Amino acid sequence: MTTIRQLDAPSKQLEDIHTRCFDYGWSEGVFADLLIKPHHRTYVFETDGEIVSFVVMTVVAGEGEILTIATDPDFQKQGLARMLLDQVIKTLKAEGAELLFLEVAIDNPAALRLYEACGFKKTGRRKAYYSRKDKPPVDAHILRLAL
Ligand SMILES: CC(C)(COP(=O)(O)OP(=O)(O)OC[C@H]1O[C@@H](n2cnc3c(N)ncnc32)[C@H](O)[C@@H]1OP(=O)(O)O)[C@@H](O)C(=O)NCCC(=O)NCCS
């Protein structure tokens, strides 16, 4: 069975997925801190009770910002991140939010395609925004979605 829900308690599964997806993955403590911060939300996609995809975001004064999103590498390319983002966008619209922002590394075509498919448009660029192991830092596109 699959479910999308807002997470209300820390889960080690977020750290496990994040460290497999990024050069500098976030620890369980980072996710736990974000969970209790005002204006922060974590949505998860679960399959048979296991978190397989998730998104962490803020929502302040009608503007959302996605801080991170990842799908377990064993479950990628099955439409999970798209379903999760579609649900987040639907929820924000229902709450009356107007804009959703995020940053994406210019060397991440998979994520860029996902966001463009959801309707995000490029609106700016941040120089040397993401650190990389064994490589120079890379720029980020700033993307914006009018809800
Ligand atoms: C980016 C990421 C979250 C996508 O998750 P996912 O669950 O595999 O994505 P989906 O299966 O929902 O794919 C949705 C769309 O994204 C694009 N996409 C996803 N993976 C892709 C890939 N490997 N190559 C090209 N396009 C890809 C496609 O447009 C796809 O739609 P399509 O299958 O109809 O062509 C996942 O690759 C991931 O966790 N990457 C590592 C972490 C990361 O880079 N996060 C984003 C940081 S900004």
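Just so it is clear, the structure is predicted and the values come from calculations on it, not from any experiment.

Q: Can you help me understand helix H2 (residues 28-36) in this one?
A: Each turn of an α-helix holds 3.6 residues, which means side chains three or four residues apart point in the same direction. For H2, every residue scored as buried is listed here: Phe31, Leu34 and Leu35. Take H2 and look down its axis: the buried residues cluster within an arc of 105°, on one side only. Here the buried face of H2 lies against helix H1 (12-21), strand E2 (40-47), strand E3 (50-60) and strand E4 (63-71).

Q: Just checking my understanding: could you explain the site of the ligand for this structure?
A: By nearness alone, 20 residues border the ligand, and Ile69, Thr71, Lys77, Gly79 and Asn108 come closest of all. Thr71 is positioned such that a nitrogen or oxygen atom in its backbone is 2.8 Å from an oxygen atom of the ligand. Sorting the residues of the shell around the ligand by element identifies E4, helix H3 (80-94), strand E5 (99-105) and helix H4 (109-117) as the ones contributing at least two each. The dominant element in the shell around the ligand, judged by the number of residues it contributes, is H4, at five residues.

Q: Is there a simple way to explain the pairing of E5 in this structure?
A: For a regular strand, side-chain orientation follows a simple rule: the groups alternate between the two sheet faces. In terms of residue burial, E5 counts as a mostly covered element, since six of its seven residues are buried. In this structure, E4 lies alongside E5, joined through four bridges in parallel fashion. The residue of E5 that forms the bridge with Glu65 is Phe101. Taking the sense of rotation as the criterion, the β-α-β connection linking E4, H3 and E5 turns out right-handed. Across seven bridges, the pairing between E5 and strand E7 (residues 135-146) is antiparallel. Following the sheet pairing, Ala105 is matched in E7 by Ala140.

Q: I tried to follow the sheet that holds strand E6 (residues 121-132) on my own but got confused; where do I start?
A: Each strand in a sheet pairs with its neighbour through backbone hydrogen bonds, running either in the same direction (parallel) or in the opposite one (antiparallel). Strand order in the open sheet formed by seven strands is E1-E2-E3-E4-E5-E7-E6, with mixed pairing between adjacent strands. Each edge of the sheet is formed by a strand with only one pairing partner; in this case those strands are strand E1 (2-6) and E6. Direction aside, neighbouring strands of the sheet carry axes that sit 25° apart on average. Relative to E4, E3 runs antiparallel, the two being bridged by eight bridges. In the strand pairing of E4, Val56 is matched with Thr68. This element, H1, spans E2, E3 and E4 of the sheet and lies at about 90° to E3.

Rules of the game
- Residues numbered from 1 in each chain as written.
- Predicted model: local features only at pLDDT ≥ 70, side-chain atom pairs only at ≥ 80, totals over all residues.
- Heavy atoms only, no water.
- Buried < 20%, exposed > 50% of the residue type's maximum accessible area, 1.4 Å probe, protein only.
- Helix = DSSP H or I, 4+ residues; strand = E, 2+ residues; numbered from the N terminus.
- Arc of directions from axis to C-beta.
- Contact = heavy atoms within 4.5 Å.
- Near = heavy atom within 4 Å.
- Polar contact = N/O pair within 3.5 Å; in protein donor to acceptor, adjacent residues only side chain to side chain.
- Pairing = 2+ DSSP bridges.
- Right-handed = clockwise from strand over helix to strand, strands pointing away.
- Axes fitted to C-alpha atoms, helices over the stretch in contact; angles between N-to-C directions.

So, to be careful, I would describe these as geometric facts and stop short of saying anything about function.
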